[in-house]
Amino acid sequence: MNGDILLVALIIIGLIGRSHIITTANLRILLVIKLISLDRYLPTIERRGLELGPLFLTMGVLVPFASERITLKDITSMFTTWPGILALIGGAIATYMNGKGLDLLKIDPQLIVGLVIGSIFGIIFLKGIPVGPLMAAGITAFLLKMFTFLYDKIR
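Residues numbered from 1 in each chain as written. Predicted model: local features only at pLDDT ≥ 70, side-chain atom pairs only at ≥ 80, totals over all residues. Heavy atoms only, no water.

Asks: It is not clear to me how helix α7 (residues 133-154) should be interpreted in this structure. Could you clarify?
Replies: Here α7 contains 22 residues, and its C-alpha end-to-end distance of 31 Å stays within 8% of the 32 Å for a straight helix at 1.5 Å per residue. Those residues of α7 not exposed but buried are Ala 137, Gly 138 and Ala 141. Projected down its long axis, α7 carries its buried residues within an arc of 110°, all on one side. What points out from α7, more than 90 degrees from its buried face, is the exposed set Phe 147, Lys 153 and Ile 154. Of the surrounding secondary structure, the elements contacted by the buried residues of α7 are α5 (82-107) and α6 (111-125). (Helix = DSSP H or I, 4+ residues; strand = E, 2+ residues; numbered from the N terminus. Expected span 1.5 Å × (residues − 1). Buried < 20%, exposed > 50% of the residue type's maximum accessible area, 1.4 Å probe, protein only. Arc of directions from axis to C-beta. Contact = heavy atoms within 4.5 Å.)

Put into C-alpha coordinates, the structure is as follows:
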(Lines give C-alpha, C1' and ligand atoms only; values in the text may rest on other atoms or scores of the structure.)
Protein backbone atom coordinates (compact mmCIF):
# COMPACT_ATOMS: atom_id res chain seq x y z
CA MET A 1 0.00 0.00 0.00
CA ASN A 2 2.88 2.40 0.73
CA GLY A 3 4.04 1.97 -2.87
CA ASP A 4 0.62 3.06 -4.13
CA ILE A 5 0.65 6.15 -1.92
CA LEU A 6 4.16 7.01 -3.08
CA LEU A 7 3.16 6.60 -6.73
CA VAL A 8 0.12 8.85 -6.23
CA ALA A 9 2.32 11.42 -4.47
CA LEU A 10 4.74 11.32 -7.41
CA ILE A 11 1.83 11.77 -9.82
CA ILE A 12 0.73 14.87 -7.90
CA ILE A 13 4.29 16.19 -7.84
CA GLY A 14 4.56 15.48 -11.58
CA LEU A 15 1.31 17.34 -12.25
CA ILE A 16 2.34 20.31 -10.12
CA GLY A 17 5.77 20.38 -11.76
CA ARG A 18 4.21 19.83 -15.22
CA SER A 19 6.42 16.79 -15.79
CA HIS A 20 4.71 14.55 -18.33
CA ILE A 21 7.44 11.92 -17.97
CA ILE A 22 6.85 11.43 -14.24
CA THR A 23 3.07 11.59 -14.57
CA THR A 24 2.90 9.16 -17.48
CA ALA A 25 5.36 6.67 -16.00
CA ASN A 26 3.54 6.63 -12.68
CA LEU A 27 -0.12 7.04 -13.59
CA ARG A 28 -0.51 5.32 -16.89
CA ILE A 29 1.91 2.51 -16.40
CA LEU A 30 3.14 1.65 -12.91
CA LEU A 31 0.03 2.52 -10.92
CA VAL A 32 -2.22 0.68 -13.38
CA ILE A 33 0.06 -2.37 -13.23
CA LYS A 34 -0.16 -2.34 -9.44
CA LEU A 35 -3.92 -1.75 -9.37
CA ILE A 36 -4.67 -4.69 -11.71
CA SER A 37 -2.39 -6.95 -9.63
CA LEU A 38 0.38 -7.44 -12.18
CA ASP A 39 3.07 -6.67 -9.59
CA ARG A 40 4.96 -9.81 -10.59
CA TYR A 41 5.99 -8.01 -13.81
CA LEU A 42 7.61 -5.05 -12.00
CA PRO A 43 11.07 -6.70 -11.75
CA THR A 44 10.96 -7.44 -15.49
CA ILE A 45 9.91 -3.87 -16.26
CA GLU A 46 12.72 -2.59 -14.05
CA ARG A 47 15.34 -4.81 -15.69
CA ARG A 48 14.13 -4.35 -19.28
CA GLY A 49 13.38 -0.66 -18.78
CA LEU A 50 16.98 -0.04 -17.79
CA GLU A 51 18.04 -1.87 -20.96
CA LEU A 52 15.47 -0.38 -23.35
CA GLY A 53 15.72 3.21 -22.11
CA PRO A 54 19.32 3.69 -23.29
CA LEU A 55 18.53 1.71 -26.45
CA PHE A 56 15.75 4.10 -27.49
CA LEU A 57 17.77 7.15 -26.41
CA THR A 58 20.72 5.98 -28.53
CA MET A 59 18.44 5.22 -31.49
CA GLY A 60 16.99 8.74 -31.24
CA VAL A 61 20.47 10.24 -31.25
CA LEU A 62 21.57 8.12 -34.23
CA VAL A 63 18.54 8.91 -36.44
CA PRO A 64 20.40 11.76 -38.22
CA PHE A 65 22.96 9.19 -39.41
CA ALA A 66 20.26 6.82 -40.64
CA SER A 67 18.32 9.61 -42.36
CA GLU A 68 21.55 10.88 -43.94
CA ARG A 69 21.20 14.35 -42.42
CA ILE A 70 24.79 14.01 -41.18
CA THR A 71 27.35 14.09 -43.96
CA LEU A 72 30.96 13.02 -44.18
CA LYS A 73 31.86 16.72 -43.94
CA ASP A 74 29.98 16.92 -40.61
CA ILE A 75 31.93 13.93 -39.33
CA THR A 76 35.33 15.29 -40.38
CA SER A 77 34.54 18.62 -38.70
CA MET A 78 34.47 16.74 -35.39
CA PHE A 79 38.22 16.38 -35.70
CA THR A 80 39.00 19.85 -37.07
CA THR A 81 36.86 22.32 -35.10
CA TRP A 82 36.92 23.31 -31.43
CA PRO A 83 33.25 22.41 -30.84
CA GLY A 84 33.84 19.04 -32.50
CA ILE A 85 36.98 18.31 -30.49
CA LEU A 86 35.23 19.38 -27.28
CA ALA A 87 32.29 17.10 -28.17
CA LEU A 88 34.70 14.18 -28.55
CA ILE A 89 36.29 14.99 -25.21
CA GLY A 90 32.85 15.43 -23.59
CA GLY A 91 31.72 12.05 -24.89
CA ALA A 92 34.86 10.36 -23.58
CA ILE A 93 34.53 12.02 -20.15
CA ALA A 94 30.83 11.09 -19.94
CA THR A 95 31.52 7.41 -20.62
CA TYR A 96 34.40 7.45 -18.11
CA MET A 97 32.09 8.97 -15.50
CA ASN A 98 29.42 6.37 -16.28
CA GLY A 99 31.99 3.68 -15.50
CA LYS A 100 32.87 5.36 -12.21
CA GLY A 101 29.16 5.59 -11.45
CA LEU A 102 28.75 1.87 -12.03
CA ASP A 103 31.71 1.19 -9.71
CA LEU A 104 30.12 3.41 -7.03
CA LEU A 105 26.76 1.64 -7.30
CA LYS A 106 28.49 -1.73 -6.92
CA ILE A 107 30.16 -0.52 -3.72
CA ASP A 108 27.18 1.44 -2.32
CA PRO A 109 23.94 0.25 -4.02
CA GLN A 110 21.63 2.08 -1.59
CA LEU A 111 22.69 5.35 -3.26
CA ILE A 112 20.21 4.52 -6.02
CA VAL A 113 17.44 5.89 -3.76
CA GLY A 114 19.10 9.31 -3.65
CA LEU A 115 19.82 9.18 -7.38
CA VAL A 116 16.18 8.43 -8.19
CA ILE A 117 14.83 11.16 -5.88
CA GLY A 118 17.44 13.59 -7.20
CA SER A 119 16.46 12.71 -10.77
CA ILE A 120 12.80 13.30 -10.00
CA PHE A 121 13.72 16.66 -8.44
CA GLY A 122 15.74 17.53 -11.54
CA ILE A 123 12.93 16.54 -13.91
CA ILE A 124 10.28 18.51 -12.06
CA PHE A 125 12.07 21.61 -10.80
CA LEU A 126 15.01 21.98 -13.18
CA LYS A 127 13.14 20.80 -16.31
CA GLY A 128 15.81 18.14 -16.83
CA ILE A 129 15.63 14.94 -18.81
CA PRO A 130 16.47 11.62 -17.17
CA VAL A 131 19.15 9.83 -19.17
CA GLY A 132 20.12 7.21 -16.67
CA PRO A 133 21.34 6.43 -13.20
CA LEU A 134 24.90 5.77 -14.33
CA MET A 135 25.58 9.39 -15.25
CA ALA A 136 23.96 10.53 -12.02
CA ALA A 137 26.11 8.02 -10.14
CA GLY A 138 29.19 9.17 -12.07
CA ILE A 139 28.56 12.77 -11.07
CA THR A 140 27.96 11.60 -7.49
CA ALA A 141 31.27 9.70 -7.55
CA PHE A 142 33.01 12.87 -8.77
CA LEU A 143 31.34 14.97 -6.06
CA LEU A 144 32.29 12.43 -3.40
CA LYS A 145 35.93 12.53 -4.54
CA MET A 146 35.88 16.33 -4.61
CA PHE A 147 34.34 16.65 -1.13
CA THR A 148 36.70 14.01 0.29
CA PHE A 149 39.66 15.86 -1.21
CA LEU A 150 38.47 19.22 0.16
CA TYR A 151 37.61 17.76 3.56
CA ASP A 152 41.08 16.20 3.84
CA LYS A 153 42.64 19.57 2.92
CA ILE A 154 40.67 21.37 5.65
CA ARG A 155 41.56 18.88 8.37
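Don't stop here, the text continues.
Asks: How should the environment of Gly 122 be read in this particular structure?
Replies: Summarising the element assignment, Gly 122 is placed in helix α6. Under the relative-accessibility criterion, Gly 122 is labelled buried at 16%. Residues in contact with Gly 122, not counting those within four places in the same chain, are Lys 127 and Gly 128.

Asks: Just checking my understanding: could you explain the layout of surface pockets for this structure?
Replies: The gaps of empty space that remain are located by a probe, the size of a water molecule, rolled over the atoms. A volume near 270 Å³ is recorded for the second largest pocket. Taken together, Tyr 96, Met 97, Lys 100, Asp 103, Leu 104, Ile 107, Gly 138, Ala 141, Phe 142, Leu 144 and Lys 145 make up the lining of the second largest pocket. Going through the elements one at a time, α5 and α7 are the ones with two or more residues in the lining of the second largest pocket. The element contributing the most residues to the lining of the second largest pocket is α5, with 6 residues. Taken together, the residues of the lining of the second largest pocket sort by class into 7 nonpolar, 1 polar and 3 charged. (1 Å grid on protein atoms, 1.4 Å probe; cavity = no way out; pocket = protein on both sides within 12 Å on 5 of 7 lines; lining within 4 Å. Points joined across faces, edges and corners; volume = space filled by probe spheres on them. Nonpolar A, V, L, I, M, F, W, Y, C, P; charged D, E, K, R; others polar.)

Asks: Whenever I open this one, the environment of Ile 139 confuses me. Can you help?
Replies: Within the secondary structure layout, Ile 139 lies in helix α7. Separated by 41 residues in sequence, Ile 139 and Asn 98 place their C-alpha atoms 8.3 Å apart.

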